[in-house]
Amino acid sequence: MKSPIRKAVFPVAGLGTRFLPATKAMPKEMLTLVDRPLIQHAVDEARAAGIEEFIFVTSRGKSALEDHFDSNHDLKRTLEARKKTQALEILKSTEIESGQLLVTRQRDPLGLGHAVWCARHLVGNEPFAILLPDDVVLAKTPCLKQMVETYNKIGGNLVAVVDVPREQTSRYGILDVAKDDGKLAEIKGLVEKPEPAKAPSTLSIIGRYILQPEIFKELDAKQVGTGGEIQITDSMARLIGKQPFHGMRFEGTRYDCGDKLGFLEANVAFALANPEIGSQVRTALQKLL
């Protein structure tokens, strides 16, 4: 019997230097995508997938992330007094119940693998999800929910993947594929940021993972990889052959919000998809263009 996916890790310790000066005093995960910060898009996606515990791996200056999901009693009382029912519902949707938001620190920026390792005691001995808030997916069915549904059928380890242009393989973790049915790719190897000529495929991992707890034993070694960082891809690669590994092509469009252009593109796409303002945004864009 497969263990359910109850916990999700959110690595949110990065400095966000690509977005300076906006991120000088504000975590990059609080940058707003239409009407919600990036971190809330990620948490909402996790909730939709049935996640019960939300584990933030933070660093100095990230307290706004915790505060965002806390209760704001002064604001609540003001909205109640003014009978702002809709605003109260929106406020409630931002809250995470007591005991469900867990926070640990990554003191040094040693890579994604190290950030996930920092959450090992909070995850414990059960499979878990990882969501990178920089990666946002616009989809009818949230990306992680699609993954959990697939995991419930096949178990093992599962990563969300997209095809990238071959000249961009050096930016991503790339799959070495054993079998591929067009939706699920059985993984026989993983390579972190290979040069295009050496890339075994163009299937790239995006910021959505479902991993078994044995990954922590591999991360314990703290082996430094590409870029002088502890890469989670390297630890995953060492488990291949011992556990099932698959890449899943999800339904939806992924936007890289760690990049200015990707962030702006995501804002336009999400705004157009918003039922309240979509038509107005389309008209405004037509005027601009």
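Just above, that's the structure.
Residues numbered from 1 in each chain as written. Predicted model: local features only at pLDDT ≥ 70, side-chain atom pairs only at ≥ 80, totals over all residues. Heavy atoms only, no water.

Peer 1: What is the right way to look at helix H10 (residues 260–273) in this model?
Peer 2: An α-helix turns once every 3.6 residues. As a result, residues three or four positions apart point the same way. With 14 residues, H10 extends 20 Å from end C-alpha to end C-alpha; this agrees with the ideal 20 Å at 1.5 Å per step. Contact partners of the buried residues in H10: strand S2 (32–33), helix H1 (38–48), strand S7 (135–138), strand S13 (253–256) and helix H11 (278–288). N-cap assignment for H10: the residue whose side-chain oxygen lies 3.0 Å from the backbone N of Leu261 is Asp259. (Helix = DSSP H or I, 4+ residues; strand = E, 2+ residues; numbered from the N terminus. Expected span 1.5 Å × (residues − 1). Contact = heavy atoms within 4.5 Å. Polar contact = N/O pair within 3.5 Å; in protein donor to acceptor, adjacent residues only side chain to side chain.)

Peer 1: What is the right way to read the nonpolar core from this model?
Peer 2: Side chains that are nonpolar tend, in soluble globular proteins, to be buried together. Within the largest apolar cluster, 35 residues are counted, with the highest numbers of intra-cluster contacts made by Phe10, Ile39, Phe56, Leu144 and Ile210. Looking at this core, the elements that each hand over two or more residues are strand S1 (7–11), H1, strand S4 (53–58), strand S6 (128–131), helix H7 (143–154), strand S8 (157–163) and strand S11 (203–211). In terms of residues, this core owes the most to one element, H7, which gives 5 residues. Discounting chain neighbours no more than four positions away, the residues touching Leu144 are Glu45, Ala46, Ala49, Ile51, Ala129, Leu131 and Ile210. (Core = buried A, V, L, I, M, F, W, Y, C linked by side-chain atoms within 4.5 Å. Buried < 20%, exposed > 50% of the residue type's maximum accessible area, 1.4 Å probe, protein only.)

Peer 1: Any chance you could explain the packing of aromatic side chains here in plain terms?
Peer 2: Each aromatic ring pair is specified by the distance between its two centres and by the angle formed by the two planes. All chains considered together, the criterion is met by 6 aromatic pairs. Taking 5.4 Å as the distance between ring centres and 70 degrees as the angle between the ring planes, the aromatic pair formed by Phe10 and Phe56 counts as edge-to-face. Here the residue Phe10 occupies a position in strand S1, and Phe56 occupies one in strand S4, the gap between them amounting to 46 residues. Taken together, Phe10, Phe54, Phe56 and Phe69 form an aromatic cluster joined through their ring pairs. Positioned above the aromatic ring of Trp117, the side-chain terminus of Arg120 is 3.6 Å from the ring centre. (Phe/Tyr/Trp six-rings, centres within 6.5 Å; stacked < 30°, edge-to-face > 60°. Lys NZ or Arg CZ within 6 Å of the ring centre and 35° of its normal.)

Peer 1: Would you explain the side chain of Glu45 in this entry?
Peer 2: Relative to the elements of secondary structure, Glu45 occurs in helix H1. Judged by its relative accessible area of 7%, Glu45 is buried. Here the side chain of Glu45 touches Arg208 through a polar contact of 2.8 Å, side chain to side chain. The contact partners of Glu45, leaving out residues within four places of it in the chain, are Leu131, Pro142, Cys143, Leu144 and Arg208.

Peer 1: How do you make sense of the environment of Met26 when you look at a structure like this?
Peer 2: On the secondary structure map, Met26 appears in the loop between S1 and S2. A relative accessible area of 32% means that Met26 is categorised as partly exposed. Distance from Met26 to Leu239, taken between C-alpha atoms, is 37 Å for residues 213 residues apart in sequence.

Peer 1: Which parts of the structure should I look at to understand unusual backbone geometry?
Peer 2: Most of the time, phi is negative for any residue but glycine, and the peptide bond is trans. Residue Pro21 is bonded to the preceding Leu20 through a cis peptide linkage, with omega at 10 degrees. With respect to the helices, strands and loops of the structure, Pro21 is situated in the loop between S1 and S2. One non-glycine residue, Val34, adopts positive backbone phi at about 65 degrees. With respect to the helices and strands, Val34 occurs in the loop between S2 and strand S3 (36–37). Relative accessible area serves as the criterion here: at 27%, Val34 is assigned to the partly exposed category.

Peer 1: Teacher, can you tell me more about the packing of helix H3 (residues 73–81) against helix H4 (residues 85–93) here?
Peer 2: When two helices pack together, their arrangement is captured by the angle between the axes and the distance separating the axes. Following both chains from N to C, one finds H3 and H4 inclined at 155 degrees, their axes separated by 8 Å at the closest point. Relative to H4, the element H3 lies roughly antiparallel. Seen along the crossing, H3 lies across H4 with a hand that is left-handed. For the pair H3 and H4, contact is made by Leu75, Lys76, Leu79 and Glu80 and by Ala87, Leu88 and Leu91, respectively. Partitioned by chemical class, the residues of the contact of H3 with H4 number 5 nonpolar, no polar and 2 charged. (Axes fitted to C-alpha atoms, helices over the stretch in contact; angles between N-to-C directions. Parallel < 35°, antiparallel > 145°, perpendicular 65-115°, else oblique. Left-handed = near helix turned anticlockwise from the far one by under 90°. Nonpolar A, V, L, I, M, F, W, Y, C, P; charged D, E, K, R; others polar.)

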